[in-house]
Amino acid sequence: MNSMTPGVIGAAPPPLPGDPARAVLEQHAEALLEHTAAQTFPLADEVMRLDPAHYTSPERFAREKARIFQRVPLVLAASCEVPGPGDFKTLEVAGIPILLVRDRHGAVHALLNSCTHRGVAVASGCGAAARFTCPYHGWTFAQDGALLGVASATDFGAVDKAALAMKRFPVTERAGLVWAILDPASPHDPADLLGGIDSLISGFGLAGWTHVSSRTLHGPNWKLAFDAHLEFYHVPVLHRETFGPDRSNRAFYFSQGPHQRVIAPQSRPGAVSRDDLYALGRVPTAGEPADPLLMGEWILFPGVSINTFYPGGHRGVLLSIVVPGAEVGTSTTTQTFLAETPPDADTRKAMEDLGGFLAHVVGDEDLPTSAFQQHVFGTGLVDEVRFGRNEGGLQHFHRWLDRLIEAEQDELPALLASPFA
């Protein structure tokens, strides 16, 4: 399951005695420090070429929806977005409306947001509810999707309530994130198909974090919207007015199955943060905080990134979830800012301001650029898309996308099994 893409270093070493996930993180850190000391930089073997139709073809898009977004585990939210009994959130992925809700026993459910009478959404937005009532005819459902009541039941006629529960998607909580497979009939437990990425990011402790803010941005084809997360080559050019022209355009890539992390070859400008491995200059020992081992942008296949920031010296993460829209040329990027500890008013303001800045970077710089790519690819006049030797993350992502599209359902556990199980 852990084949290496050329130019991607530290790809899935075998488990070691002790804490195998930490051992992998330490090997990543050692590789980074060795390359820094030697002033070396790994590159992919060659330039990769891709047919632009991958971004514009309705047929290709239909396969991605069916064979990726309805077969592999998707991150739908951070656990702290639905922290208490009855807390819910609605969203849509590739045209599928979803209701995410935590029940009174603490379990999270991912349900098709559709009344089983005539298909109307039973909830919208986010909030808290003891039960859900269809706004069309008043049928009511429990937090786990069970049908509780039919309005004017005698007049309506015989109903098998057990058979008319809302459709439930397989769901799990791991590393403070809610993952689901958007196929009610999937034979797989999402926890078995995470490839070990949940173990690698568990050090964040996201389950205990606080939700600060969320916003949704609309963009073109989901892969064009997500490609910008997979390389830093564009950063000092496209983002010269926001991040500045002095940012490195290089990146180190480490893979874990289809997942990966993208790490700049130098520290961010400004004050030293507690996850700055370069400033520490060595691998932290077992008795020290593991934060430097988590440095970088974490990419959770197929469309999630986790970035760490320190506004006002307080740690927060931006959880970005990119999903397809209902059509090939549409997508949404949901940016959710989380705080490690409950923020006071000043810290919350700083985090909300940073969230707004990052929405500007993506919404006003990345996504319009991607939208133009969508437009020009749609003309049929572009023969190839090229991913350079310095864009190993893109090469890795698109190869795994093809690999999983072609895989049969019974092959997925072997491809995506965790080496830490």
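Preceding this paragraph is the structure being described.
Residues numbered from 1 in each chain as written. Predicted model: local features only at pLDDT ≥ 70, side-chain atom pairs only at ≥ 80, totals over all residues. Heavy atoms only, no water.

Caption draft 1: Spotlight on the environment of Asp 192. Its location among the elements puts Asp 192 in the loop between strand 12 (177–180) and helix 5 (197–201). C-alpha separation for the pair Asp 192 and Pro 73, spaced 119 residues apart in sequence, amounts to 9.2 Å. Once residues lying within four places of it in the same chain are set aside, the contact partners of Asp 192 are Leu 416 and Ala 417. (Helix = DSSP H or I, 4+ residues; strand = E, 2+ residues; numbered from the N terminus. Contact = heavy atoms within 4.5 Å.)

Caption draft 2: Up close: the sheet that holds strand 7 (residues 132–133). The 3 strands lie next to each other as 7-8-9, forming an open sheet whose pairing is antiparallel. Pairing within the sheet leaves two strands with one partner each, and these edge strands are strand 7 and strand 9 (147–149). Two strands pair when backbone bridges link them, and strand 7 and strand 8 (residues 140–141) are joined in this way by 2 bridges, in the antiparallel orientation. Bridge pairing in strand 8 links Phe 132 to Phe 141. (Pairing = 2+ DSSP bridges.)

Caption draft 3: Focus on the nonpolar core. Ranked by size, the top nonpolar core spans 92 residues in total, and within it Val 93, Leu 177, Trp 298, Leu 300, Ile 306 and Leu 404 carry the most contacts. Take this core: its biggest share by element is 7 residues, from helix 1 (residues 20–38). (Core = buried A, V, L, I, M, F, W, Y, C linked by side-chain atoms within 4.5 Å. Buried < 20%, exposed > 50% of the residue type's maximum accessible area, 1.4 Å probe, protein only.)

Caption draft 4: Molecular detail of the pattern of salt bridges. Tallied over the full model, the rule gives 15 salt bridges. Residue Glu 173 pairs with Arg 102 through a salt bridge whose shortest N-O separation is 3.0 Å. Taken together, the residues Glu 173 in strand 11 (residues 171–174) and Arg 102 in strand 4 (residues 96–102) connect sequence positions 71 residues apart. For Arg 315, the salt bridge identified is with Asp 291, shortest N-O distance 3.1 Å. (Salt bridge = Lys/Arg side-chain N within 4 Å of Asp/Glu carboxyl O.)

Caption draft 5: The arrangement of the packing of aromatic side chains in detail. This model, assessed by the stated rule, comprises 9 aromatic pairs. Look at Trp 139 and Phe 156: their rings are 5.3 Å apart centre to centre, the planes differ by 80°, and that puts the pair in the edge-to-face class. Within this pair, whereas Trp 139 is found in the loop between strand 7 and strand 8, its partner Phe 156 is found in helix 4 (residues 153–156), the two being separated by 17 residues in sequence. With 5.9 Å between their ring centres and 80° between their planes, Trp 222 and Phe 397 make a pair best called edge-to-face. With Trp 222 in helix 6 (residues 222–227) and Phe 397 in helix 10 (residues 392–406), this residue pair connects regions lying 175 residues apart in the sequence. (Phe/Tyr/Trp six-rings, centres within 6.5 Å; stacked < 30°, edge-to-face > 60°.)

Caption draft 6: Up close: the pairing of strand 16 (residues 297–300). Side-chain alternation along strand 16 places Glu 297 and Ile 299 on one buried face and Trp 298 and Leu 300 on a second face that is also buried. As judged from the 3 bridges shared by strand 15 (residues 259–263) and strand 16, these two strands associate in the antiparallel manner. Bridged to Gln 260 within strand 16 is Ile 299. Pairing geometry for strand 16 and strand 17 (residues 304–309), over 3 bridges, is antiparallel. The partner of Trp 298 across the bridge, within strand 17, is Ile 306. Count of turn residues in the strand 16/strand 17 antiparallel hairpin: 3 residues.

Caption draft 7: Just the packing of helix 3 (residues 58–67) against helix 10, in detail. Packing of helix 3 against helix 10 brings their axes to within 9 Å, and their N-to-C directions diverge by 75°. Relative to helix 10, the element helix 3 is oriented roughly perpendicular. On the side of helix 3, the interface is formed by Arg 60, Arg 63, Glu 64 and Arg 67, while helix 10 contributes Leu 401, Asp 402, Leu 404, Ile 405 and Glu 406. A class-by-class count of the residues in the contact of helix 3 with helix 10 yields 3 nonpolar, no polar and 6 charged. (Axes fitted to C-alpha atoms, helices over the stretch in contact; angles between N-to-C directions. Parallel < 35°, antiparallel > 145°, perpendicular 65-115°, else oblique. Nonpolar A, V, L, I, M, F, W, Y, C, P; charged D, E, K, R; others polar.)

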